[in-house]
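# Structure assessment
Residues per chain, in single letters:
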Amino acid sequence: MTVPFLSIKNLGVTFKGGTRPVRAVNDVSLDIAPGEAVALIGESGSGKSVTMRAVMRLNPEKRSQLDGQILVGGRDVMEMSTRQLSKFRGSEAAMIFQEPLLALDPVYALGDQIVEAIRRHEVISRDKARARALELFEQVRIPSARSRLDNYPHEMSGGMRQRAMIALALACRPKLLLADEPTTALDATVQIQVLLLLRELQRELGLSILFVTHDIGAAIEVADRIAVMYAGQIVEEASARDLIRTPRHPYTLGLLKSRAHDAMVKGTKLDAIPGAPPDLANLPDGCPFSPRCFLADGGCRTGKIGIEQISAGHQARCRRLDQTVFRDAG
């Protein structure tokens, strides 16, 4: 059996400081093998980005409490000191943020930012670091790469900035790449270009990727496996193929039915999931999706709902699995 490169076990993230603590992530377990791409999908506020930031220990230390275990390459991220975290971020795991214009430093040229990142982690001359920055720009297919090294973030288009962000993330040759909705602010044509680039780089470099998105179409393009999150929990996990063909959790089915697809007739309304996501500071008893679920009964609204194995690699957190054999959801 392949040893996971990223192993998350019983992760909990609680934010403090308000009138009530907010349990943003609750008992999440997820493994990613070397060279595997896994997508986390779900509505805004489901805990996807908080989970990803926990892997990098980027959630505010004073206002958040982390429970569970996060292993990256066999090392426990939870036990790392500030110095160890500084070395870990960039060289072992790197992150592509949602909005590169905010993530990149506006007062430094892009080439200088990559050079600084490389020299922070390696003993290398500036000239050699700049040569690698040029190679990275060419690898992510930035046109006129040599001259673009001297551009500032605001001088590039959204798609080119995102490519530069990917180049920066790859600067120190990490084995784990965390992508936090990297295509949200881009138009459809550029989105598919960035997604295909990520998939190609993953295969070429043997990267393990954790890809966060609310767009199930983007998840299908990038991921080998998909994990669906709702109210801080993973409610279903399967290969991308199985999840699309035979979703078993009512929330997964709702996500699939609420997207446009080729079989739709012009003028047809999308099937929206009724209601709204729950307040994470005041979660309902039982299954948090039960107030919005068409299959929920009294038993769904009490007690803890465990995750059930459906088949090899496919599991779901639902007590009505006998009623959830959905096929070809769209």
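Worth saying up front: this structure is predicted, and the values here are computed from it rather than measured. (Residues numbered from 1 in each chain as written. Predicted model: local features only at pLDDT ≥ 70, side-chain atom pairs only at ≥ 80, totals over all residues. Heavy atoms only, no water.)

Pairing is antiparallel in the open sheet, where 4 strands are placed in the order S2-S1-S4-S5. Only two strands of the sheet have a single partner each, and these edge strands are strand S2 (22-32) and strand S5 (75-76). Pairing of strand S4 (residues 64-72) with S5, which is carried by 2 bridges, proceeds in the antiparallel orientation. By the bridge assignment for S5, leucine 71 is matched with aspartate 76. Against the sheet, helix H1 (residues 48-55) engages strand S1 (6-15), S2 and S4, with an angle of about 115° to S1. (Pairing = 2+ DSSP bridges. Helix = DSSP H or I, 4+ residues; strand = E, 2+ residues; numbered from the N terminus. Contact = heavy atoms within 4.5 Å. Axes fitted to C-alpha atoms, helices over the stretch in contact; angles between N-to-C directions.)

This part takes up helix H4 (residues 110-121). An ideal rise of 1.5 Å per residue puts 16 Å on 12 residues; H4 measures up with 17 Å between its terminal C-alpha atoms. Those residues of H4 that are buried lie in contact with helix H5 (126-139), helix H6 (145-148) and helix H7 (158-169). (Expected span 1.5 Å × (residues − 1).)

On to the environment of isoleucine 32, then. By the secondary structure assignment, isoleucine 32 is in strand S2. It is 6.5 Å that separates the C-alpha atoms of isoleucine 32 and serine 7, two residues lying 25 residues apart in sequence. Apart from residues no more than four positions distant in its own chain, isoleucine 32 is found in contact with Pro4, Phe5, Leu6, Val38, Ser208, Ile209, Leu210 and Arg225.

Here the focus is the side chain of arginine 317. The topology assignment puts arginine 317 in the segment after strand S12 (314-316). Buried within the structure, arginine 317 lacks any salt-bridge partner; aspartate 27 is the closest side chain of opposite charge, at an N-O distance of 5.0 Å. A polar contact is formed between the side chain of arginine 317 and the backbone oxygen of isoleucine 305, at a distance of 3.2 Å. (Buried < 20%, exposed > 50% of the residue type's maximum accessible area, 1.4 Å probe, protein only. Lys, Arg positive; Asp, Glu negative; His and termini not counted. Salt bridge = Lys/Arg side-chain N within 4 Å of Asp/Glu carboxyl O. Polar contact = N/O pair within 3.5 Å; in protein donor to acceptor, adjacent residues only side chain to side chain.)

Looking now at the pattern of salt bridges. If the charged atoms of two oppositely charged side chains come close together, the side chains can form a pair. This model, assessed by the stated rule, comprises 16 salt bridges. Between glutamate 122 and arginine 173 there is a salt bridge, with the nearest N and O atoms lying 3.9 Å from each other. Note that glutamate 122 is positioned in the loop between H4 and H5 and arginine 173 in the loop between H7 and strand S7 (176-180), a separation of 51 residues in sequence. Among the residues examined, glutamate 122 registers a relative accessible area of 25% and is labelled partly exposed. Classification of arginine 173 as exposed rests on a relative accessible area of 56%.

Our focus in this paragraph is the environment of leucine 170. Along the chain, leucine 170 falls in the loop between H7 and S7. Residues leucine 170 and serine 91 lie 79 residues apart in sequence; the distance between their C-alpha atoms is 8.6 Å. In contact with leucine 170, not counting residues within four places along its chain, are Leu136, Leu177, Leu201, Leu205 and Leu207.

Let's shift gears to the packing of aromatic side chains. For the structure shown, the criterion picks out 3 aromatic pairs. Pairing tyrosine 230 with tyrosine 251 gives two aromatic rings, centres 4.6 Å apart and planes at 55°, and the pair type is tilted. Residue tyrosine 230 is found in strand S9 (residues 225-230), and its partner tyrosine 251 is found in helix H11 (residues 250-257); the two are separated by 21 residues along the sequence. By the burial criterion, tyrosine 230 is buried, and tyrosine 251 matches it. (Phe/Tyr/Trp six-rings, centres within 6.5 Å; stacked < 30°, edge-to-face > 60°.)

This part covers the state of the cysteines. Overall, the coordinates contain 0 disulfides when judged by the stated rule. The closest cysteine sulfur to the non-disulfide-bonded cysteine 287 is located on cysteine 300, 6.4 Å from its own sulfur. Cysteine cysteine 293 is unpaired, with the sulfur of cysteine 318 as its nearest cysteine sulfur at 6.2 Å. (Disulfide = S-S within 2.5 Å.)

Let us now look at the sheet that holds S7. With respect to topology, 8 strands assemble into an open sheet ordered S6-S7-S8-S3-S9-S10-S12-S11, the strand pairing being mixed. Each edge of the open sheet is held by one strand with a lone partner, namely strand S6 (93-96) and strand S11 (308-311). Averaged over neighbouring strand pairs, the angle between their axes works out to 20° when direction is ignored. With 4 bridges joining them, S6 and S7 adopt parallel strand pairing. When the sheet's bridge partners are listed, isoleucine 96 is paired in S7 with alanine 179.

Looking at the secondary structure, you find glutamate 135 in helix H5. Taking the C-alpha atoms as reference points, glutamate 135 and serine 125, 10 residues apart in sequence, are found 16 Å from one another.

With that settled, consider the confidence of the model for the protein chain. Mean pLDDT over the protein chain works out to 91, with 97% of the residues at or above the 70 mark. Averaged over each element, pLDDT in the protein chain is lowest for helix H3 (residues 100-103) (86) and highest for S9 (97). (pLDDT = per-residue confidence, 0-100.)

Turning our eyes to something else, we now look at the pairing of strand S10 (residues 233-239). Burial of S10 is extensive: 6 of the 7 residues sit out of reach of the surface. Pairing analysis gives 6 bridges linking S9 to S10, with the strands arranged antiparallel. When the bridges of S10 are listed, tyrosine 230 appears paired with glutamine 233. Linking two consecutive strands that pair antiparallel, namely S9 and S10, is a turn of 2 residues; a positive phi of about 55° is found at alanine 231 within it. Here 2 bridges tie S10 to S12, and the two strands are oriented antiparallel to one another. Each residue of the ladder has a partner; that of glutamate 237, found in S12, is glutamine 315.

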